Structures are given as C-alpha cells and as structure tokens.
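# Remarks on the overall topology
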Amino acid sequence: MQTLQKKLQDLAAKAILAACGESIIPEITTSSHAHYQCNDALKLAKAAKCNPRELAQKIIDHLDSEAIEKLEIAGPGFINIILSPGFLSEELIKQMGDPRFGAPEIKSQRIIVEFSSPNIAKELHVGHLRSTIIGDALARLFEFLGHDVLRLNHVGDWGTQFGMLICYMKENASDVLSGTRNAELFQLMEWYKASKKRFDEDPDFKSRAQKEVVALQGGDLESISAWEAICDISRQAFEEIYGLLDVKLTMRGESFYNPYLADTVSDLKSKGMVTVSDGAKCIFLDGFKGQDGNPFPMIIQKSDGGFNYSTTDMAAMKHRVHEEKADRIIVVTDNGQKLHFQMIEAAAKKAGFLKDQFEHVTFGVVLSASGKKFKTREGETEKLIDLLNTAVQKAEEIFQERLPDLDSDERHQMAKILGIDAVKYADLSCLRTKDYTFSYDRMLKFEGNTAAFLLYAYVRIQGIKRRINKDITPKIALKHPSEISLGLHIRRFGETLETMSRELLPNRLTDYLYELSEKFHAFFRDCHVEGTPEESERLALSELTGQVLSAGLNILGLKTLDKM
Ligand code: ARG
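Residues numbered from 1 in each chain as written. Predicted model: local features only at pLDDT ≥ 70, side-chain atom pairs only at ≥ 80, totals over all residues. Heavy atoms only, no water.

## Here we look at the environment of Q161
As for its placement among the helices and strands, Q161 is situated in helix α6 (residues 161-172). Taking the C-alpha atoms as reference, Q161 lies 9.8 Å from A121; in sequence the two are 40 residues apart. (Helix = DSSP H or I, 4+ residues; strand = E, 2+ residues; numbered from the N terminus.)

## With respect to the sheet that holds strand β8 (residues 274-277)
Sheet strands pair via backbone hydrogen bonds, and the direction of the pair is either parallel or antiparallel. Here we have three strands laid out as an open sheet, ordered β8-β9-β10, and antiparallel in their pairing. A single partner strand is all that each edge strand has here, and the edge strands are β8 and β10 (295-301). With direction set aside, neighbouring strand axes in the sheet form an average angle of 50°. In this structure, strand β9 (residues 280-289) lies alongside β10, joined through five bridges in antiparallel fashion. By the bridge assignment for β10, F284 is matched with P297. Contacting β9 and β10, helix α13 (residues 338-350) crosses the sheet at an angle of about 100° to β9. (Pairing = 2+ DSSP bridges. Axes fitted to C-alpha atoms, helices over the stretch in contact; angles between N-to-C directions. Contact = heavy atoms within 4.5 Å.)

## Describing the site of the ligand
The environment of the ligand is made up of E114, S117, N119, H128, H154, Y309, D313, T333, Q337 and F341. Contact distances for the ligand include 2.9 Å between a nitrogen atom and a backbone N or O atom of S117. Taken by itself the ligand offers 350 Å² of open surface, and the protein chains cover 88% of this. Across the shell around the ligand, the residue classes tally to two nonpolar, six polar and two charged. (Near = heavy atom within 4 Å. Polar contact = N/O pair within 3.5 Å; in protein donor to acceptor, adjacent residues only side chain to side chain. Areas by Shrake-Rupley, 256 points an atom, 1.4 Å probe, with all protein chains shown as cover. Nonpolar A, V, L, I, M, F, W, Y, C, P; charged D, E, K, R; others polar.)

## Some thoughts on the packing of helix α17 (residues 451-468) against helix α21 (residues 535-555)
Running from N to C, α17 and α21 point in directions that differ by 145°, and their axes come no closer than 10 Å. The way α17 lies across α21 gives a crossing that is left-handed. Note on element contacts: α21 touches α17 through E535, L539, S542, E543, T545, G546, L549, S550 and L553, opposite L454, L455, A457, Y458, I461, I464, K465 and I468. (Left-handed = near helix turned anticlockwise from the far one by under 90°.)

## A look at unusual backbone geometry
Phi at F101 is positive, roughly 55°, even though this residue is not glycine. In this fold, F101 is placed in the loop between α4 (85-96) and β5 (110-114).

## Let's talk about the environment of A12
Within the element layout of this structure, A12 appears in helix α1 (residues 4-20). With 48 residues separating them in the primary sequence, A12 and I60 have C-alpha atoms 8.8 Å apart. Those residues in contact with A12, other than ones at most four positions away along the chain, are P26, I28, C38 and L63.

## A word on the nonpolar core
In this structure, L83, L387 and L418 are the most contacted members of the largest nonpolar core, which totals 152 residues. The greatest single-element share of this core, amounting to twelve residues, is contributed by helix α10 (residues 221-245). In this structure L418 touches A395, F399, L444, F446, A452, L455, L561 and M564, once residues within four positions along its chain are discounted. Among the nonpolar cores identified, the runner-up in size contains 31 residues, and I283, I300, M314 and M343 belong to it. (Core = buried A, V, L, I, M, F, W, Y, C linked by side-chain atoms within 4.5 Å. Buried < 20%, exposed > 50% of the residue type's maximum accessible area, 1.4 Å probe, protein only.)

## Section: the packing of aromatic side chains
Taken as a whole and assessed by the stated rule, the structure comprises eleven aromatic pairs. Ring plane angle 35° and centroid distance 6.2 Å describe the contact between F256 and Y260, whose orientation is recorded as tilted. Both rings, one in F520 and one in F524, keep their centres 5.9 Å apart while their planes meet at 20°; by these two values the pair is stacked. Taken together, the residues span about one helical turn, with F520 and F524 both in helix α20 (residues 507-526) at a distance of four residues. (Phe/Tyr/Trp six-rings, centres within 6.5 Å; stacked < 30°, edge-to-face > 60°.)

## What about the packing of α4 against α21?
One way to put it is that α4 packs onto α21 with a least axis distance of 11 Å and a crossing angle of 55°. Comparing the axis directions of α4 and α21 gives the class oblique. Two packed elements cross with a definite hand, and for α4 against α21 that hand is left-handed. On α21, the residues touching L92, Q95 and M96 of α4 are A540, L541, E543, L544, Q547 and V548. Across the contact of α4 with α21, the residue classes break down as six nonpolar, two polar and one charged. (Parallel < 35°, antiparallel > 145°, perpendicular 65-115°, else oblique.)

## Thoughts on the pairing of strand β3 (residues 68-74)
Bridge count between β3 and strand β4 (residues 78-83): six bridges; the pairing is antiparallel. Looking at β4, one finds that A74 is bridged to F78. From the end of β3 to the start of β4, which pair antiparallel, there are three residues, and G75 there has a positive phi angle of about 50°.

## Focus: helix α18 (residues 481-491)
Among the eleven residues in α18, nine count as buried, and that is most of the element. Taken residue by residue, α18 has S482, E483, I484, L486, G487, L488, H489, I490 and R491 as its buried positions.

## Re the state of the cysteines
Overall, the coordinates contain zero disulfides when judged by the stated rule. The thiol of C38 is not disulfide-bonded; the next cysteine sulfur, from C20, is found 10 Å away. Overall, the relative accessible area of 0% leaves C38 in the buried class. (Disulfide = S-S within 2.5 Å.)

This is the structure we're talking about:
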C-alpha cells in the first residue's frame, strides 16, 4: 500500500503546481498539532519574495480531496492537514486485507547484512550480542519488505593465531584434533591462552607455530583438518546462542576470502594505490591523518608477506560488489571499528569498485548499572550465554508470581520468550550509536518502553477477541478521538518501516510500537467494545492493532505470548 505521506505528497504537489507553477516534491511531515503538515509554502514564498501565509492559502485553495477534513495555516506558513475519519476508516479496511499490513511496495534489492561475526576460539561477548540483535532486526525488516537478503556471519576464523593454537593442540590435545575426543569452547579458550604464553616464552615453539601458519595457508591437509576441528568446536557454541536468540546466519568467515587476497593486493597495486613503507604495503588516503598530523596508512600486506584484517575486508567488499552484486552492503559492528571501515570504504571507492552501496551500522558499548563496561563479578567480560540464561531465569520468577498455576514446562517456555524478548527489546529501543546500560530489572518491567509492556498489549487484544468470540468482519468506522488517533497511528506502520530501512535505526520501530500500545490502551479506556453498537467495528480495530503489533515485534525478532 502507498503510505499516507506519499498520498499527501502527490496531492500537495498538484496543488503547489496549480497555485504557483512550481513542480516540486513537497515536504510532508507528521505534526503534533494535526495529522500531517506541509512545509513548502515558507521556502517557495522566500524564493518568490511573497507572503508565505498568502501562498499557503493559495495552496490550500487548490488542495481539494475527500481524504482531507480540514486544512489550516499555522505559524509563519505551515499547512496543517487533518484527514477525514471516513477516509482513514477506508484506509484501515484496506490495510486489514493487506498481507503486508500496509507496508509500501518496494523495488526489490539485493541486500547483504553482515552481523554478529565473533571470533573462533574466543567466547561471544555482549558486544557481539548487540551486533547479533541489531543485525537480525535489520535483516528481518528487509525480508519483510520483500528484499533479497543475504545474512553473513563474518567470523574471525583465519590468521596467525591458528598456528599457535594448532601447534599447541597437536602436543596437548591431539585426540581432539583427530575427533576422538569432544571439547568445548571454554577448553579451546584455555588452550588458546596457553599457546600464546608458549609462543611468547619459547622460541622453539614460536618457530614451529610460524611454520604451522605457513602450512595452513598453503593448504596442508593435516593443518586444514586441525583448523576445521577447532572451528567446529567454536561453531557449536555459537549455534547454541543463535538457537536461543532464534537468529539465522550464513557462516562466511574471513577464511573464505583467503583465495582472493593476493589478487586484491595486486589489483590495488596496478591502480597505483600502494606505497611501500618500512617493508609493508600501505594505502594512503586523503583525509586520514594520525594524531601527529602525519598521513595514516592502511596496511594491506605486512613486511613478512602476510595479509591482515584490512586485506580481508577489501577482498570481502570487492566480492560483495562483483560476485554477490549487492545493492546495499551493511556491516554491523561497534563504534570502535568506525575508522577502519571509513578507510575500507574510501579505498574501495578510490579503487573504483564501490559506489555508495556501503553502510556501516555502528553501536555503543554495553554498560553495567555502575556506568562501567559490562563485566561479571569475577571481573571477566560477561559470557553471552550466561547473560541470556539469567534473563530467562528472571522471567521465570516473574511468571511464578503472576501466574502461579502454570505447569513448569509451560512456564519455562513462556519465560524463554519473555526473557529473550526483554534482552532484545532493551537493546533495540535505545539509539544504537549511544552506549547502553544493561539492567535486568528495567528490561523486565511491565510498565514503560519495554518488551513486557508491548507483549501485554498484545495479550489484552487476544483476551478481548476470546471474550467476544465472534467472527471479525473488515468493518471499521472511526469516531471517537482516541479511535482516530489509534487508527491514524496504525496506518503509519508503513512509513515507520520506510524510515527504519532508510536510517537503519531499530528504535524508530520500537518507538512506533510503544506508541501503538499506549494508543491502544487509551482507546480501550475511552471506547467500550463488548456489547456496544460499535462492537464489530471496534473489534476489527483491535484485531488490526494486534496484527500490526505482532508484525512489528516479529521484525524486531520478538515473539508474542497469549497470556501473561
Ligand atoms: N570479528 C570481528 C570482531 O569480533 C568483527 C568483524 C566485523 N566485520 C568485518 N567485516 N570486519 O571484532
């Protein structure tokens, strides 16, 4: 369905053309005093050196549509638009029959969303949680809108550290490498730490580890099989978390780009972009200077011939443009990688294979209530799986109190939904670029902008439907101001999705859904449903609210409950 904003834009464009002969795309925004507002009279009057209020009146004289109930000039020359309840009701009836709940038609694009991207032999931490939750919500949005989405997990599965680890495990855990004994991620992490210690202290071990890297990169079968065993152990731990979060990802780690690295460097060289500095191959880009004011290099091949993180990202960018033919390439990481990706983007543009497809979606760090970086009591960075399980456990305690008659199985299933929803929503509902404070107590509250508040609105709607227990007919007739306000908000779902897909800010949708729930509660307070002459229209409005609420929650990766 076309959004109301777009409809009004078309109407205003015609009126403006008739009023002053200008052909423009009008600026229609939401308004706190009206349903929408048109802001163009001011700019047009300035250019034509005439009185903006007079020009606004001329535009109003040509703005004639059944959709509009009232137009008024506000302030220096804004046009306030109030839609007619009859028109809005018809729009909502159409929205009810729309399988996309009023989302606008789009031209399907190939969109890569790269997110999560933890490192092999290391534990996922809260930073990876943010990337996973935000990336999944963006991918779900694009899928909902009908785009062709590739969800990539760019795991750190390549690099010199594997030489040490394989070498160490060959000596101390060869049965794990051969597959005769299972191991878990925490053991892998211990071996990783021990191997690093050996590497720093024992020159003999160091030289064997370096030979192991050469063997691995050269495709030596024994090395590759050891590396695969290590990756498998890590992957199992990652999958456990993705399962709990219900997140789907295609693993395509750094190792995938290994065969492209040498070509990537020679391509950049042939374009005259590479300078050798201290034996390392570097790219110097305009506008990137270090703190000392000297040009800041991006190293793409170290002096020992090894490739690095930047080489891989250059190769990945090229692959995503040329092989994947992506229209949009979105990478979700913490703010700390901003500079790195600014340089990758600038270099890829300079090399000529990237235009404006790339968008870096960044986020702030997770803080604990004391304002410090989130850590467990032991001082270690909080493990993701523990954090999620704690949220589920706390949700279980809440249900124990609220619904003591639930059997333990059902209670656990419900707690899993509420606990995980709460963690996801708390993250998505704050402006992602800011640091965010993690608090179980706040995220599990039933009041305020929380998952529980939204789920509760949904539960309430299901309760009304159950009580009335009649077929729902697509009839809506908005009358009461609370009904009109709810109806207008429902119809803005598509606009919200459009905004989110442009700005890549999930909190646009959480804000929308929070307001939707509040407006629903206000409607339910002000307008009786059950047993009134308006029962079937109001039941339909409630149903549509529930549909939009659950579609929105789904896009955020949240599941709904039927009771709470
Ligand atoms: N593995 C990295 C980390 O844990 C994130 C990778 C981000 N993506 C990329 N294409 N460099 O910090």
